[in-house]
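These are the residues of each chain, in order.
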Amino acid sequence: MAFRTHILGAAAGGGLPQWNCGCPNCAAARAGQIPAQTQSSLAVTGDGETWAILNASPDIRGQLADATPLRPTGLRNLPLSSVLVTNGDIDHVAGLLTLREMQPFTLFATETIHEVLRANPIFEALNPTVVTRRPIALDRPFDLAPGLSATLFAVPGKVPLYMESETVETRLLGENTVGVDLRAQGKRIFYIPGCACLNDDLRARIKGADVLFFDGTLWRDDEMIREGLGQKTGARMGHMSMSGPDGSLNAFGGLDIARRVYVHMNNTNPVLRPDSPERAEAEAAGWTIGTDGMEVIP
Ligand code: MLT
Ligand code: MN
Ligand code: ZN
């Protein structure tokens with residue numbers, strides 16, 4: 001199939017195991033008892049040959065070494081046409097620094113996120129004669145890769161963690177956090193790795209989609225607190241949880257979405273354990289738990 005996706009990294013920022021984390025999941029991953037997962041990124045192709053990378057994670061070097069369809073086809077030639085970032089979070093932009101070795105591609109983001117990158121001079125490492133930065137307006141389709149159209153749309157979220165001020169609006173709608181509507185060959189795939197809540201606009205957009213990749217950061221809102229790993233709820237981090245009355249597990253039922261896949265899972269999430277009751281519950285509700293290297297075809 002020409003139009004297809006390849007999960008480069010299924011975990012949220014930190015990955016599984018996270019370098020400094022001794023939680024049960026991270027310990028199990030370190031011991032090889034559950035599969036390790038790298039940080040948040042998805043590759044997509046519309047023609048089966050040339051790819052776009054959605055979010056450039058700090059793990060991108062290893063992700064590309066492992067992803068057979070994205071191997072170099074020439075001396076300095078990856079079949080890569082563009083990189084798109086959906087927000088300015090470190091897990092989604094730090095990998096841009098790895099992509100600095102004179103490989104031409106177009107870097108797509110909203111103007112707000114381009115501003116964030118411009119304010120960080122380290123990203124000048126991406127030589128402007130080789131990497132073209134293109135600002136994308138919300139709700140206007142553009143060509144992301146050959147045969148592949150994309151549209152960015154606002155989803156509830158917040159500014160990047162490193163830009164937070166004293167008061168933080170966690171359900172901000174604008175150019176800080178976007179979802180991606182991908183279209184090719186009459187099929188529709190949605191990629192939404194970060195989303196604070198399901199609103200009417202999002203519900204209407206994703207109705208009838210062929211594939212939805214969605215924010216699977218936490219199983220429950222107070223998961224990090226209960227594990228003794230911090231004071232923040234999922235809501236405070238701008239992430240909608242899987243379980244609970246407003247959780248994504250239930251919220252997306254009845255929307256006629258052919259395939260629903262969780263990505264951006266935090267290392268505390270019990271669904272990362274293949275034999276957990278939470279994973280069984282998610283699968284029974286029609287969700288697939290994304291894993292590194294998984295190919296999803298619409
Ligand atoms: C998030 O998804 O909440 C962010 O990646 C957090 C972070 O930047 O560490
Ligand atoms: Mn993240
Ligand atoms: Zn952990």
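Residues numbered from 1 in each chain as written. Chains lettered and ligands numbered in written order. Predicted model: local features only at pLDDT ≥ 70, side-chain atom pairs only at ≥ 80, totals over all residues. Heavy atoms only, no water.

- With an unreviewed UniProt entry as reference, the protein is termed Coenzyme PQQ synthesis protein B, source organism Sagittula salina.
- Here the protein is described in UniProt, under the heading Pathway (unreviewed entry), as follows: "Cofactor biosynthesis; pyrroloquinoline quinone biosynthesis."
- Listed in UniProt under the heading Function (unreviewed entry), the comment for the protein reads: "May be involved in the transport of PQQ or its precursor to the periplasm." (UniProt positions renumbered as here; feature names shortened; annotations may be inferred.)

## Topic: a nonpolar patch on the surface
For step 1, the next point in the chain: A cluster of nonpolar side chains, Ile 90, Tyr 162 and Met 163, forms an exposed patch at the surface whose accessible area comes to about 290 Å².
For step 2, the next point in the chain: Mapped onto the elements, Tyr 162 comes out in the loop between β8 (148-154) and β9 (178-184). (Patch = residues over 30% accessible without salt bridge, like charges linked within 9 Å, V, L, I, M, F, W, Y side chains within 5 Å. Areas by Shrake-Rupley, 256 points an atom, 1.4 Å probe, with all protein chains shown as cover. Salt bridge = Lys/Arg side-chain N within 4 Å of Asp/Glu carboxyl O. Helix = DSSP H or I, 4+ residues; strand = E, 2+ residues; numbered from the N terminus.)

## What to know about the coordination of the zinc ion (ligand 3)
Four donors placed tetrahedrally about a metal ideally form angles of 109.5 degrees, and six donors placed octahedrally ideally form angles of 90 or 180 degrees.
For step 1, the next point in the chain: Those protein atoms acting as donors to the zinc ion (ligand 3) are Cys 21 (SG), Cys 23 (SG), Cys 26 (SG) and Asn 267 (OD1), and they sit at 2.3 to 2.4 Å.
For step 2, the next point in the chain: Classification of the site at the zinc ion (ligand 3) as tetrahedral follows from its four donor atoms and the range of 101 to 115 degrees in their angles at the metal.
For step 3, the next point in the chain: Counting the intervening residues between successive donors of the zinc ion (ligand 3) yields the motif C-x1-C-x2-C-x240-N. (Donors = N, O, S within 2.8 Å, 3.2 Å for Na, K, Ca; no water. Tetrahedral: all angles 85-135°; square planar, octahedral: opposite > 155°, others 65-115°.)

## Things to note about the UniProt feature "domain: Metallo-beta-lactamase" (unreviewed entry) in the protein
For step 1, the next point in the chain: Cross-referencing UniProt, the feature "domain: Metallo-beta-lactamase" (unreviewed entry) maps to residues 50-265 in the present numbering.
For step 2, the next point in the chain: Across residues 50-265 one finds 16% helix and 25% strand; the C-alpha atoms that close the span lie 27 Å apart.

## Notes on the site of ligand 1
For step 1, the next point in the chain: Every residue near ligand 1 is listed here: Asp 89, Asp 91, Leu 161, Met 237, His 239 and His 264.
For step 2, the next point in the chain: At 2.8 Å, a side-chain N or O of His 239 approaches an oxygen atom of ligand 1.
For step 3, the next point in the chain: Take His 264: an N or O atom from its side chain is 3.1 Å from an oxygen atom of ligand 1.
For step 4, the next point in the chain: Here ligand 1 has 270 Å² of accessible area as a free molecule, and 76% of this is covered by the chains. (Near = heavy atom within 4 Å. Polar contact = N/O pair within 3.5 Å; in protein donor to acceptor, adjacent residues only side chain to side chain.)

## Section: the sheet that holds strand β3 (residues 51-54)
Sheets are built from strands that pair by backbone hydrogen bonding, the pairs being arranged parallel or antiparallel.
For step 1, the next point in the chain: Judged by pairing direction, the sheet is mixed, and its seven strands sit side by side in the order β6-β5-β4-β3-β2-β1-β14 without closing on themselves. A strand with exactly one partner marks an edge of an open sheet, and here the two such strands are β6 (131-135) and β14 (295-296).
For step 2, the next point in the chain: With four bridges joining them, β3 and strand β4 (residues 80-84) adopt parallel strand pairing. Note that in β4 the partner of Leu 54 across the bridge is Leu 84. (Pairing = 2+ DSSP bridges.)

## Digging into the pairing of β3
For step 1, the next point in the chain: Side chains Trp 51 and Ile 53 of β3 all project onto a buried face; the interleaved residues Ala 52 and Leu 54 project onto the opposite face, where all are buried too.
For step 2, the next point in the chain: Bridging between strand β2 (residues 41-45) and β3 involves four bridges; their strand directions are antiparallel. In the strand pairing of β3, Thr 45 is matched with Trp 51.
For step 3, the next point in the chain: Hairpin connection from β2 to β3: five residues lie between these consecutive antiparallel strands, with Gly 48 at a positive phi of about 80 degrees. (Buried < 20%, exposed > 50% of the residue type's maximum accessible area, 1.4 Å probe, protein only.)

## A short note on the sheet that holds strand β13 (residues 287-289)
For step 1, the next point in the chain: Strand order in this open sheet of seven strands is β7-β8-β9-β10-β11-β12-β13, and the pairing throughout is mixed. The open sheet has two free edges, formed respectively by β7 (142-145) and β13, since each of these has just one partner strand. Adjacent strand axes in the sheet meet at a mean angle of 30 degrees, parallel and antiparallel pairs treated alike.
For step 2, the next point in the chain: Pairing geometry for strand β11 (residues 211-215) and strand β12 (residues 259-263), over five bridges, is parallel. Counted as the bridge partner of Leu 212 is Arg 260 from β12. (Axes fitted to C-alpha atoms, helices over the stretch in contact; angles between N-to-C directions.)

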